[in-house]
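Architecture at a glance
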Amino acid sequence: MVRLRSQAVSQGLYLTIFLADSHAAVEYGATSSSFFASLAPSAYQQTVPMTPLVHVVLSFRRHARASVGYVAVLALSLLIVLGIFDRPEGDLGLEHWAVISAWMAVFGAKFGRRLRMTRGWEQSDELPEPDSSSPVSSHATSNHTASNSKTSNHTSDERNLDIQLSLLAVVGTYAIVQLAGGLSGVWYPLVYVLISLVACCATHPAAGIAVAFAIVLEGVTHFWTDGSDDWPSFLTHALFVGLFGALGALVMRAEVTRVRVRSRTRLREERERLRTESRLFRLVSPSSEVAHDEQRLCRASVDEVHHQLYYVLELLHRCLDLHTCVLLMLDEQERQLRIVELVTVGKDIAEGPFAAGEGAVGAVVRRAEIVNLQHIKEGYGGLCYYAAPPRVRAFVGVPVVERGHIRGVLCADRIRDEPFTAHDEETIRTSIRQVLRALENERVFVQLESSKREQTVLYQASKALGAALDEAAVLDAALAAISKVAPYDFAALTIYDVKHKRHHVRRAVGDGAEQIEELSFRDNASLTAMAVKNKHYLPYRGEFDGRQQVLFTRRAVLPAMKSVLVLPLIVREDAIGTLALAARAADVFGERVRPSLQVLANQCAVSLSNAAAVARLEEMATTDGLTGCLNKRSFLDELQRRIRSAERFGRRMSLIVTDIDHFKSVNDTYGHATGDVVIRKLGEILRRVKRETDLVARFGGEEFCILCEETDTQGAVLLAERVREELGATEFQTELGSLHVRASLGVATFPDHAQTCDTLFECADRALYAAKRGGRDQVRAA
């Protein structure tokens, strides 16, 4: 047993030292390669041909580097299982210190690489990016592509390193425990501490793997190394290992949840502050919401206003030797005052908001004139922006008046008993004019940027809608453009059928779109129908109450929406449909965005009209106006395409040619109007009896063609017989009495009878003429 352990120590020592040295050599090799490549990249790339052998070597080096940690874990686990670190006498030999040093080297290298990867300092192991001006072999180019692919797998590399670090920490801890007396020693609780740390700090798969590995390693050590059969002790240790791992994971999950909740709260507070200050400064309309894509613009403007306000207040504070200089602005309802900027040497400033009529500051708001207090007694509580009665002896409040409306108050006070003079008041009024000028400049800037953004959106939408040639493309372009102007939770586009007085929902997206999609309803008292009738947007203020208002029908109920806007789609004074938008938030479709939405709705209406015209032109160009079947040109194009497909995949395809018998006598006897009825009825029969994949075309006059895919001659003959029988059984009522017509049909099959399109038609025609010569009212195959 002693000899076995000594041999295991030697083999484990050599293996661990070799792994540590190879890991260091890999690090040095990558560094030296990058160093020489940086000295002469072109020469280096030309002198190192990327042969398949080099690729194999680099791949082996990459995999060896990635698996060093796992091999070290297996080696150290083997030494622990063999009891190498079980030293009752407590002395450690040179081989033990060598193993410990090798473990520290591997763990340190992995931990350092993980830190560099976390900080974004991890460098690629491959050659540097080749210069586009230097000649580079194709192997170097492919190597560079592999480097980019490795960079994209950054997350998997981090996960792999976490697993290796966790397992190395586990085996290192069990080695220490074995050195300090084994699983029943005083240092065993160190395992619980480690498991908790791993569960808290490592990623989810790494923590679970570390816990499972610790239980397995402890079980092998307990039952095989120590030779114990004490199951209760092992189960207790395993239970506590799992428990500490679960507690660590719960702590980590709770911390992550706490950070997320705190981040959401801070983000929500920041958005609310941005919304409030944007309205205080009148950067946006008081009745409108700050759009998501405008938040960055408003944030930059609010920050710029704060900087300018601070510089003005700081200048006043120094020039007039003030204790506090504060600017308070009225809210939208003009009921409360909020501190927007201040400069003070005190620490007892209240956060607010404050009532607009409170104390000396409220007197400035009520009177809209300067309030100058002199020789203030100690303990005076009329200054609302102090949390406690201040020690100030002089106060002046100057109203901030803009276009005849009071917007706020600029307050200044002193601790020493030195009243504010008329010159001081004029200085403060001059500062207020500077403040108002700064606010006006930012408002103009925000308006210009908003107009620029809206014009860009409208221009891009106009291009997209102009390029859309079908209804689906128009709807996609319109909804994409509208989402950039106003954020919506539901959108639908309806088309109005004037002839039948029905509204059809062509597209619905968002919350509750499933029950609205493909909805069809008659004229009613809904907002959609009324918008079409009045040719005006509804509702007037964009507010929606689902208990009193109906968007489409009473059964088609949307989720709780507070904002709704229905825009009519008008083309040449005619309403062809509506564009309905809905949002859960209030005041989403206000005056700020409604004009842009109306422009988009008008462009969408024109594009839909153009798409319908294009569809009609395509239909006229490809179909027969009398029967609705394909015309000759489109049928021949489709026939050539399908013959090429059948030839490629080795499939059969049959062609049926139909001709009405004695049709000239029908026209001569009953008139051309009756002849058109007969032709139209034959087209209906052919479209009804054909399969979904078959094609029917009117080839000219009373001649029709049916193209049957994957159909042999026998199947085509059966279909032709069905057509002949149905046409023969059809009775036409005319002024001269009832009329029955018959038809002759010819069948030819590809590739049995013909190999090309022309020869296939010739064979079918010959079969048709054979039927004519054979007595008519029959089917003949080629």
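Residues numbered from 1 in each chain as written. Predicted model: local features only at pLDDT ≥ 70, side-chain atom pairs only at ≥ 80, totals over all residues. Heavy atoms only, no water.

**Re the layout of surface pockets**
- In this structure, the second largest pocket encloses a volume near 430 Å³.
- Around the second largest pocket, the lining comprises 18 residues; the ones closest to its centre are Phe-107, Phe-111, Leu-165, Ala-169 and Val-198.
- Listing elements by their share of the lining of the second largest pocket, those giving two or more residues are helix 4 (94-118), helix 6 (154-179) and helix 7 (189-201).
- The element that contributes the greatest number of residues to the lining of the second largest pocket is helix 6, accounting for seven residues. (1 Å grid on protein atoms, 1.4 Å probe; cavity = no way out; pocket = protein on both sides within 12 Å on 5 of 7 lines; lining within 4 Å. Points joined across faces, edges and corners; volume = space filled by probe spheres on them. Helix = DSSP H or I, 4+ residues; strand = E, 2+ residues; numbered from the N terminus.)

**As for unusual backbone geometry**
- The residue after Gly-352, namely Pro-353, is reached through a cis peptide bond having omega 5°.
- Tracing the backbone shows Pro-353 in the loop between strand 2 (336-344) and strand 3 (354-355).
- For the bond running from Leu-538 to Pro-539, omega is -15°, close enough to zero to count as cis.
- Relative to the elements of secondary structure, Pro-539 occurs in the loop between helix 15 (527-534) and strand 10 (563-571).
- The backbone of Glu-518 shows a phi angle near 60°, a positive value even though the residue is not glycine.
- Locating Glu-518 in the fold gives a position in the loop between helix 14 (513-516) and strand 9 (520-522).

**Some thoughts on the sheet that holds strand 18 (residues 779-781)**
- The five strands are arranged 13-14-12-17-18 in an open sheet whose pairing can be described as mixed. Every other strand in the sheet has two partners, leaving strand 13 (695-700) and strand 18 as the edge strands with one partner each. Taking each pair of neighbouring strands and ignoring which way they run, the sheet shows an average axis angle of 20°.
- As paired strands, strand 12 (residues 653-660) and strand 14 (residues 703-709) are joined by seven bridges and run antiparallel to one another. (Pairing = 2+ DSSP bridges. Axes fitted to C-alpha atoms, helices over the stretch in contact; angles between N-to-C directions.)

**Overview of the packing of helix 18 (residues 663-670) against helix 19 (residues 672-689)**
- Axis separation between helix 18 and helix 19 bottoms out at 6 Å; the angle between their running directions is 135°. Relative to helix 19, helix 18 is oriented oblique. Here Phe-663, Asn-667 and Tyr-670 of helix 18 come into contact with helix 19, specifically with His-672, Thr-674, Gly-675, Val-678 and Ile-679.
- Partitioned by chemical class, the residues of the contact of helix 18 with helix 19 number four nonpolar, four polar and no charged. (Parallel < 35°, antiparallel > 145°, perpendicular 65-115°, else oblique. Contact = heavy atoms within 4.5 Å. Nonpolar A, V, L, I, M, F, W, Y, C, P; charged D, E, K, R; others polar.)

**Re the side chain of His-306**
- Here His-306 is to be found in helix 10 (residues 295-319).
- Its relative accessible area of 13% is what places His-306 among the buried residues.
- Looking at His-306, its side chain comes within polar contact range of the side chain of Glu-341, at 3.0 Å. (Buried < 20%, exposed > 50% of the residue type's maximum accessible area, 1.4 Å probe, protein only. Polar contact = N/O pair within 3.5 Å; in protein donor to acceptor, adjacent residues only side chain to side chain.)

**Some remarks on helix 21 (residues 757-773)**
- When the terminal C-alpha atoms of helix 21 are compared, their 24 Å separation across 17 residues agrees well with the 24 Å that a helix rising 1.5 Å per residue should span.
- Taken together, the buried positions of helix 21 are occupied by Cys-757, Leu-760, Phe-761, Cys-763, Ala-764, Ala-767, Leu-768, Ala-770, Ala-771 and Lys-772.
- The inward-facing, buried residues of helix 21 contact helix 17 (632-649), strand 12, strand 13, strand 14, strand 17 (743-750) and strand 18.
- Where helix 21 terminates, the next one or two residues include Gly-775, which has phi positive at roughly 120°. (Expected span 1.5 Å × (residues − 1).)

**Side note on the packing of aromatic side chains**
- Evaluation of the coordinates by the stated rule reveals 15 aromatic pairs.
- Consider the rings of Phe-223 and Phe-234, whose centres lie 5.2 Å apart with planes at 65°: the pair is edge-to-face. Of this pair, Phe-223 sits in helix 8 (residues 204-225) while Phe-234 sits in helix 9 (residues 231-280), placing them 11 residues apart in sequence.
- With a centroid separation of 6.4 Å and 70° between ring planes, the pair formed by Phe-490 and Phe-552 is classed as edge-to-face. Residue Phe-490 is found in strand 7 (residues 490-497), and its partner Phe-552 is found in the loop between helix 15 and strand 10; the two are separated by 62 residues along the sequence. (Phe/Tyr/Trp six-rings, centres within 6.5 Å; stacked < 30°, edge-to-face > 60°.)

**What to know about the environment of Leu-322**
- Position of Leu-322 relative to the elements: it lies in the loop between helix 10 and strand 1 (324-330).
- Measuring from C-alpha to C-alpha, the distance between Leu-322 and Ala-412 comes to 6.7 Å, with 90 residues separating the pair along the chain.
- Non-local contacts of Leu-322, meaning those with residues more than four positions away in its chain, are made with Leu-316, His-317, Ala-412, Asp-413, Arg-414 and Phe-420.

**Topic: the pattern of salt bridges**
- Evaluation of the coordinates by the stated rule reveals 33 salt bridges.
- The residue Arg-433 makes a salt bridge to Glu-426 at a minimum N-O spacing of 3.5 Å.
- For Glu-426, a relative accessible area of 33% corresponds to the partly exposed category.
- Where Arg-742 meets Asp-777, a salt bridge forms, and the shortest distance between an N and an O atom there is 3.5 Å. (Salt bridge = Lys/Arg side-chain N within 4 Å of Asp/Glu carboxyl O.)

**Quick notes on the confidence of the model for the protein**
- Taken residue by residue, the protein gives an average pLDDT of 79. The fraction at 70 or more is 85%.
- Overall, residues 1-49 carries pLDDT values under 50, and its contacts beyond four positions in sequence, including any with other chains, amount to 50 contacts.
- Low pLDDT, under 50, characterises residues 121-152; the stretch is placed with 40 contacts to residues that sit more than four places away or in other chains. (pLDDT = per-residue confidence, 0-100.)

**A few points about the sheet that holds strand 10**
- With respect to topology, five strands assemble into an open sheet ordered 9-8-7-11-10, the strand pairing being antiparallel. Only two strands of the sheet have a single partner each, and these edge strands are strand 9 and strand 10. Strand-to-strand twist of the sheet, defined as the mean angle between neighbouring strand axes without regard to direction, takes the value 25°.
- Direction of pairing for strand 7 relative to strand 11 (residues 574-583): antiparallel, over a ladder of six bridges. Note on strand 11: the bridge partner recorded for Thr-494 is Thr-578.
- Along the sheet, helix 13 (residues 471-485) makes contact with strand 7, strand 8 (502-510) and strand 11, crossing strand 8 at roughly 55°.
- Relative to the sheet, helix 16 (residues 594-622) contacts strand 7, strand 10 and strand 11, its axis offset from that of strand 10 by approximately 40°.

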